[in-house]
Amino acid sequence: MQIQNIIADSDLTPALRKIAEKVFESKRIDTDEAVLLYREAELGFLGILANHVRNTKHGDRTYFNRNFHIEPTNICIYNCKFCSYVRKINEEGAWEYSQEQILDKVREYDGKAITEVHIVGGVHPHRDLHYYGKILQEIKKIRPDLHIKAFTAVELDFMIRKAKVSLEEGLTMLKNYGLDSIPGGGAEIFDEELRKEICDEKSSTNLWLEIHEMAHRVGLPSNATILYGHIESYEQRVDHMNRLRQLQDRTGKFNTFIPLKYRKENNSMSHIGEVSTLEDLRNYAVSRIFLDNFPHLKGYWPMIGKSTTQLALSFGVDDVDGTIDDSTKIYSMAGAEDSTPTLTTDALVELILKANRIPIERDTLYNTVKEYH
Ligand code: V47
Ligand code: SF4
């Protein structure tokens, strides 16, 4: 009923009506149509379309997992302008955990029903893939069942080059050491000009895409992110998603798209400020509508806060990430809503139930661990 009403709405421009028809017929929208949605569509219209896509894929099912983060170091050779986290060796505030300290963090979860460890950090100049690979190997000895999701494409690029092996060899070696999948970070924004402006030195767009394509080919699924809400245009957001949609058409091994809202504290782009919650919701919705071949859309709650996460469940989001016992510092240092990002499983379940959705505890690959009613 709602669908017919939307299409019959006389206030709707023909172009928006055509988009609505496509979405309700499960047809793909093109890049111009996605830009038009950003520019012209009302929030309610976007919500109905995105919610339709979400409900077609997942109904009310809303996923979370039990995970913890390890950030081995914030020492990094690069200087991304949006980064609040990076330090140089011996600079105040720099940290690097030893191998033993990292393993101790894993041991802290002995006996706890955690299914995933998420490991990301800075690109340390002295560490290659064998250094990190051996840590993964030791983690698997302590906890063979734990899924290791580790290292952004930017970290992988450096550690593989440092070990002087090809991408295919490096990724295969890491897989053999114990790597199970790759997180979505380091994508930032693919437009080459803009990438030059905000993170000139880090791995190029083509390399990011090549690493994920190769990872998929050697059997490592991955996620993808976008850093939005800074100086990018709508066209550049759509271009970013289009490159991901094309890659996903070839491999089908991306699980989740995660829009990351630029946070402004303690970095050299602070003067730009931040976009509104309204813009966050619009962005989730257009992402859900455009990325028809991505199974999941993640609203990363430590970044946007709990109430926006609940709202986002009506704008295409079906996944809220995990019950992060350990704190991730990437966002708290950049001024995210939640400076101590921890939620118990009960609290996360409650958050989803209060938004009238069904909480599903999942593993990293979206197999159901437990359904909550
Ligand atoms: O690539 C850095 C972002 C990313 C800021 O795959 C910032 O499940 C906002 O990719 N404001 C790393 N964002 C984290 C990441 C991630 C997070 C959660 C889940 C998954 C997953 C992946 O953090 C970086 C960068 O885009 N970031 N600084 C900032 N000031
Ligand atoms: Fe280094 Fe990542 Fe920060 Fe860029 S965003 S400076 S690559 S830690």
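Bear in mind the structure is a predicted one, so any value in this text is a computation, not a measurement.

So, the sheet that holds strand β5 (residues 222-228)
Okay, step 1: Strand order in the open sheet formed by three strands is β5-β6-β7, with parallel pairing between adjacent strands. Looking at which strands have only one partner, the edges of the open sheet turn out to be β5 and β7 (296-297).
Okay, step 2: Of the strand pairs in this sheet, strand β6 (residues 254-261) and β7 are connected by two bridges, and their pairing is parallel. Bridge assignment links T256 to a residue of β7, and that residue is H296.

Observations concerning the site of ligand 2
Okay, step 1: Around ligand 2 sit C76, Y78, C80, F82, C83, Y85, V86, G122 and K202, and those are all the residues in its vicinity.
Okay, step 2: In terms of residue class, the shell around ligand 2 is made up of seven nonpolar, one polar and one charged.

Quick look at the pairing of strand β4 (residues 147-150)
Okay, step 1: The alternating pattern of β4 places H147 and K149 and I148 and A150 on opposite faces, both of which are buried.
Okay, step 2: Since strand β3 (residues 116-119) and β4 lie parallel, the crossover through helix α6 (residues 129-142) that links them has a hand, and here it is right-handed.

Quick notes on helix α16 (residues 345-354)
Okay, step 1: Those residues of α16 that sit buried are T345, L348, V349, L351 and I352. Along the axis of α16, the buried residues cluster in a sector spanning 155°; they form a single face. Facing away from the buried side of α16 by more than 90 degrees, the exposed set consists of D346 and K354.
Okay, step 2: Where α16 is buried, its residues touch β1 (61-65), α13 (301-304), α14 (306-312), β8 (319-322) and β9 (358-362).
Okay, step 3: At the C-terminal side of α16, N356 shows a positive phi close to 65°.

Side note on the sheet that holds β8
Okay, step 1: An order of β8-β1-β9-β10 is seen for the four strands of this open sheet, with the pairing classed as mixed. Only two strands of the sheet have a single neighbouring strand rather than two, namely β8 and β10 (368-371). Along the sheet, successive strands turn relative to each other by an average axial angle of 30°, direction set aside.
Okay, step 2: The pairing of β9 with β10 spans three bridges and is classified as antiparallel. Bridging from a neighbouring strand, R362 pairs with T368 of β10.
Okay, step 3: Against the sheet, α16 touches β1, β8 and β9, its axis set at about 160° to β1.

What counts, and at which threshold
- Residues numbered from 1 in each chain as written.
- Chains lettered and ligands numbered in written order.
- Predicted model: local features only at pLDDT ≥ 70, side-chain atom pairs only at ≥ 80, totals over all residues.
- Heavy atoms only, no water.
- Pairing = 2+ DSSP bridges.
- Helix = DSSP H or I, 4+ residues; strand = E, 2+ residues; numbered from the N terminus.
- Near = heavy atom within 4 Å.
- Nonpolar A, V, L, I, M, F, W, Y, C, P; charged D, E, K, R; others polar.
- Buried < 20%, exposed > 50% of the residue type's maximum accessible area, 1.4 Å probe, protein only.
- Right-handed = clockwise from strand over helix to strand, strands pointing away.
- Arc of directions from axis to C-beta.
- Contact = heavy atoms within 4.5 Å.
- Axes fitted to C-alpha atoms, helices over the stretch in contact; angles between N-to-C directions.

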